[in-house]
Amino acid sequence: MNENVLRAGLLATAKAMANCGLNTGTAGNASVRCSRGFLITPSGMAYEDCTPDDMALVAMDGSWRGPYAPSSEWRIHRDILAAHPEAGAVLHSHAPFATALACHRKPIPAFHYMVARFGGDDIRCAPYATFGTQALSDGAIEALDGRNACLLANHGMIVFGSDLRRTLALAVEFEGLCEQYWRACQIGEPTLLTAAEMSEVMALFKTYGQARPAASDKS
């Protein structure tokens with residue numbers, strides 16, 4: 001895709017994060033893969049004040065170009081894109097319910113079948129590490145093994161998808177799931193689905209949302 005189109009899409013996604021309740025202020029960041037590496041939101045900039053040209057271009061070796069420095073979390077974006085060829089975009093936010101769970105360092109178990117939407121029978125919480133460090137990235141990569149979302153201890157959430165639109169939608173869905181789990185825990189420990197029940201759901205999710213031929217009319 002044309003890099004200018006990607007820049008505009010990335011800025012629109014960053015602005016949408018606040019409108020979707022995923023972020024406040026300059027917290028959080030997003031990136032999108034491009035032919036020269038990836039584009040990422042700039043460090044410490046209010047997205048309302050940014051233009052598409054302000055999005056930083058980062059090569060996979062960490063070198064960058066642009067009027068402003070890339071987000072301090074560029075490593076975690078770079079490493080996810082390198083580890084997951086299917087990933088076209090990455091989003092990190094301090095969404096309220098995801099962050100609340102992350103501050104308790106609580107993984108999300110199979111309390112609801114939609115946990116399978118994120119790749120497995122639970123959603124892991126990566127160990128705490130200082131923001132922007134390689135240690136944070138390494139922990140996230142491990143937590144994302146077989147998953148497309150995880151919590152970051154005492155920090156927030158991170159998700160990836162095939163493109164910017166799908167990644168934003170996944171992040172909104174993930175925050176909603178975090179809210180449901182948080183609310184369920186207010187009245188006690190939720191009853192969890194069994195491994196067999198989650199396996200059945202995960203098998204169904206392999207074709208979830210894909211076009212299917214219409215059933216033949218046998219009348």
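Residues numbered from 1 in each chain as written. Predicted model: local features only at pLDDT ≥ 70, side-chain atom pairs only at ≥ 80, totals over all residues. Heavy atoms only, no water.

Chemist: Explain the layout of surface pockets here, please?
Modeler: Summary: where empty space remains is shown by rolling a probe the size of a single water molecule over the atoms. Quantified by volume, the second largest pocket comes out at close to 190 Å³. Around the second largest pocket, the lining is made up of 17 residues, and of these Thr 26, Gly 28, Asn 29, Ser 71 and Ser 72 lie nearest the centre. In terms of residue class, the lining of the second largest pocket is made up of five nonpolar, 11 polar and one charged. (1 Å grid on protein atoms, 1.4 Å probe; cavity = no way out; pocket = protein on both sides within 12 Å on 5 of 7 lines; lining within 4 Å. Points joined across faces, edges and corners; volume = space filled by probe spheres on them. Nonpolar A, V, L, I, M, F, W, Y, C, P; charged D, E, K, R; others polar.)

Chemist: Explain the pattern of salt bridges here, please?
Modeler: A pair can form between side chains of opposite charge whenever their charged atoms are brought close. Enumeration over the complete set of coordinates arrives at eight salt bridges. Here Asp 79 ties to Arg 78 by a salt bridge, and the two come within 2.5 Å at their closest N and O atoms. Arg 78 shares its class with Asp 79; the two are buried. In this structure, Arg 147 and Asp 122 form a salt bridge, with 2.7 Å as the shortest nitrogen-oxygen distance. Residue Arg 147 is found in the loop between helix H4 (134-143) and strand S7 (149-152), and its partner Asp 122 is found in the loop between helix H3 (96-103) and strand S6 (125-126); the two are separated by 25 residues along the sequence. Residue classification places Arg 147 among the buried positions, given a relative accessible area of 11%. (Salt bridge = Lys/Arg side-chain N within 4 Å of Asp/Glu carboxyl O. Buried < 20%, exposed > 50% of the residue type's maximum accessible area, 1.4 Å probe, protein only. Helix = DSSP H or I, 4+ residues; strand = E, 2+ residues; numbered from the N terminus.)

Chemist: Looking at this model, I keep getting lost on the side chain of Glu 3. Mind explaining?
Modeler: Within the fold, Glu 3 resides in helix H1 (residues 3-19). With near-sequence residues (within four places) excluded, Glu 3 lies in contact with Cys 34, Arg 36, Leu 39 and Leu 57. (Contact = heavy atoms within 4.5 Å.)

Chemist: I'm lost on the nonpolar core in this one. Help?
Modeler: Here is a general trend for soluble globular proteins: nonpolar side chains tend to be buried in one another's company. Ranked by internal contacts, the top residues of the largest apolar core, which has 48 residues, are Ile 108, Leu 151, Met 157, Phe 174 and Cys 178. Counting residues per element, the ones that place at least two in this core are H1, strand S1 (29-34), strand S5 (89-93), H3, S7, strand S8 (156-161), helix H5 (164-185) and helix H6 (195-205). Sorting elements by how many residues they give to this core places H5 first, with eight residues. Filtering out sequence-adjacent residues up to four positions away, Leu 151 remains in contact with Ala 98, Leu 101, Ala 102, Lys 106, Ile 108, Arg 124, Cys 125, Ala 126, Gly 156, Met 157, Phe 174 and Cys 178. Core analysis: the next-biggest nonpolar cluster, separate from the first, contains 20 residues, Phe 38, Ile 40, Ile 80 and Ala 140 among them. (Core = buried A, V, L, I, M, F, W, Y, C linked by side-chain atoms within 4.5 Å.)

Chemist: Would you explain H4 in this entry?
Modeler: Each full turn of the α-helix corresponds to 3.6 residues, which orients residues three or four apart in the same direction. All buried positions along H4 are accounted for by Leu 136, Ser 137, Gly 139, Ala 140 and Ala 143. Down the axis, H4 shows its buried residues gathered within 165° of arc, on one side only. In this structure, the buried side of H4 is in contact with helix H2 (74-83), S6 and S7. (Arc of directions from axis to C-beta.)

Chemist: Just checking my understanding: could you explain the pairing of S1 for this structure?
Modeler: Along a regular strand, successive side chains alternate from one face of the sheet to the other. Along S1, five of the six residues are buried, which leaves the element largely enclosed by surrounding structure. Both S1 and S5 contribute to a ladder of four bridges, which runs antiparallel. Paired with Asn 29 across the two strands is His 92, which belongs to S5. When S1 meets strand S2 (residues 37-40), the two strands line up antiparallel, connected through four bridges. Note on S2: the bridge partner recorded for Arg 33 is Phe 38. (Pairing = 2+ DSSP bridges.)

Chemist: Please clarify how the state of the cysteines should be interpreted in this entry.
Modeler: By definition, a disulfide links the sulfur atoms of two cysteine residues through a covalent bond. Here the structure, examined in full by the defined rule, presents zero disulfides. Of all cysteine sulfurs, the one in Cys 34 lies closest to Cys 50, which takes part in no disulfide; the gap is 17 Å. Not engaged in a disulfide, the cysteine Cys 150 finds its nearest cysteine sulfur in Cys 125; these two sulfurs lie 7.6 Å apart. Note on Cys 150: relative accessible area 0%, which makes it buried. (Disulfide = S-S within 2.5 Å.)

Chemist: Would you take a moment to explain unusual backbone geometry for this structure?
Modeler: Note: most peptide bonds trans; most residues except glycine with negative phi. Although it is not a glycine, Arg 105 sits at a positive phi angle of roughly 55°. Counting through the fold element by element, Arg 105 comes out in the loop between H3 and S6. Overall, the relative accessible area of 49% leaves Arg 105 in the partly exposed class.

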